[in-house]
Amino acid sequence: MGVMRVRKTGELFPGAHEPLVNKQVFDRVQMILEGKTVDRVVRHDFTFRRMLRCTGCERSLIGELQKGHVYYRCQTRQCPTKTIREEIVDSAVSRMLSLLELGPHELEHATQWMRNAHTDEHAYREKELQAATLRLDSVRSRVHRLTDAFIDGLLEKTLFEQRKNALVGEEGETREMIQRLNGGSSIGLQQMEEFLELVKNAPFVYKHANAAEKREMLRSLVSNLRVTDRNVSLEPKPGVHILINRPRIAYGAPSRGVHRTWNGILEALLKVFTASSDERQPSIKTLKAAA
Ligand SMILES: [Zn+2]
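Quantities reported herein were computed from a predicted structural model and do not represent experimental measurements. (Residues numbered from 1 in each chain as written. Predicted model: local features only at pLDDT ≥ 70, side-chain atom pairs only at ≥ 80, totals over all residues. Heavy atoms only, no water.)

Student: In this structure, what is going on with the overall build of the protein? I would like to understand it.
Tutor: Secondary structure summary: the protein contains 12 helices and 6 strands in total. Within the protein, the proportion of its 291 residues that are buried is 33%. If you sum the accessible surface of the protein, you get close to 18,600 Å²; carbon and sulfur atoms cover 55% of it. (Helix = DSSP H or I, 4+ residues; strand = E, 2+ residues; numbered from the N terminus. Buried < 20%, exposed > 50% of the residue type's maximum accessible area, 1.4 Å probe, protein only. Areas by Shrake-Rupley, 256 points an atom, 1.4 Å probe, with all protein chains shown as cover.)

Shown next as structure tokens:
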């Protein structure tokens, strides 16, 4: 939650380098002045809007339609990154998703493992509750330390407020988590189950999803989509990373070995989802970028 708030302010006040008239408006005015016909602007829902970041200047690429093709363009003039075609991004995403797809044997193991885990759910829940309580304590003492630093004049006001807001957001999130855990089930198991549900048919779901659904899907699977020149690189989230790099099961492999391998994979996944709320914490770097 903290991250989103900080990011939003960052985008609302994009800094002093911003030209007074944005390039699109400027271009349209030029076209009208030159007497070229200007079609009414048709709003197009660009699939990757605000999701592609230019490696050169760290800004979002902006979608545009050209002769029936969608391109994303970096708006920074001096940048080596100019445009990237939507198909290139789309196929990079599909390639990643196909690595996530679970085979029938894998699915069988995962389903059985989840079933067993649910019978021990209270044990998982207790562990998560302990971790969440520790985290709440740590957030509180960080707020105190931060406030002390501010009072002692070691921190300027804007930075203090940003960090404090982030911590307040984290505190709220942790409280919410404790409440949910007290309500009964293990959040880690639940999130892991949703994740497995999402990835098991990922390529198929993605193929039939609309733009908004694709974005939603990507947000839960990758933390970054970066464009360098004409290439796109995806930074998978930790759970996705585990599945992409999992050992593949050969047909006819001895079942005891397969069992052990998959137990390892699923335990690693659960660890990710039990700790996943930490992932949302804004790093100092993000905060600086937004300042
Ligand atoms: Zn750029």
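Student: I keep staring at the sheet that holds strand 2 (residues 62–66) and nothing clicks. Help me out?
Tutor: Consider a sheet: its strands pair through backbone hydrogen bonds, and that pairing is either parallel or antiparallel. Read from one edge of the open sheet, 3 strands run 2-3-4, paired in antiparallel fashion. With partners counted over all chains shown, the strands left at the sheet margins are strand 2 and strand 4 (83–85), one partner each. Pairs of neighbouring strands in the sheet enclose a mean axial angle of 35°, with direction left out of account. Direction of pairing for strand 2 relative to strand 3 (residues 69–73): antiparallel, over a ladder of 5 bridges. (Pairing = 2+ DSSP bridges. Axes fitted to C-alpha atoms, helices over the stretch in contact; angles between N-to-C directions.)

Student: Is there a simple way to explain helix 9 (residues 211–221) in this structure?
Tutor: Turn by turn, an α-helix covers 3.6 residues, leaving residues three or four places apart pointing in a common direction. Within helix 9 the residues assigned to the buried category are Ala-211, Lys-214, Arg-215, Met-217, Leu-218 and Leu-221. Projected down its long axis, helix 9 shows its buried positions confined to an angular sector of 165°, all on one face. Looking at the buried side of helix 9, the elements it contacts are helix 3 (86–100), helix 7 (187–200), helix 8 (202–208), strand 5 (222–228), strand 6 (231–236) and helix 10 (238–244). Backbone nitrogen of Ala-212 and a side-chain oxygen of the N-cap are separated by 3.1 Å at the start of helix 9; the cap is Asn-210. (Arc of directions from axis to C-beta. Contact = heavy atoms within 4.5 Å. Polar contact = N/O pair within 3.5 Å; in protein donor to acceptor, adjacent residues only side chain to side chain.)

Student: Would you explain the sheet that holds strand 1 (residues 52–54) in this entry?
Tutor: The strand order 1-5-6 describes an open sheet built from 3 strands, whose pairing is mixed. Every other strand in the sheet has two partners, leaving strand 1 and strand 6 as the edge strands with one partner each. Between one strand and the next, the sheet's axes are offset by a mean angle of 30°, whatever the strand orientation. Across 3 bridges, strand 1 lies against strand 5 in parallel orientation. Following the sheet pairing, Arg-53 is matched in strand 5 by Arg-226.

Student: How should the coordination of the zinc ion be read in this particular structure?
Tutor: Each donor-metal-donor angle would ideally measure 109.5 degrees in four-coordinate tetrahedral geometry, or 90 or 180 degrees in six-coordinate octahedral geometry. Surrounding the zinc ion are the protein donor atoms Cys-54 (SG), Cys-57 (SG), Cys-74 (SG) and Cys-79 (SG), which sit 2.2 to 2.4 Å from the metal. Given 4 donor atoms and angles of 98 to 121° at the metal, the environment of the zinc ion is assigned as tetrahedral. Written as a sequence motif, the donor residues of the zinc ion are C-x2-C-x16-C-x4-C. For Cys-79, a relative accessible area of 5% puts it in the buried group. (Donors = N, O, S within 2.8 Å, 3.2 Å for Na, K, Ca; no water. Tetrahedral: all angles 85-135°; square planar, octahedral: opposite > 155°, others 65-115°.)

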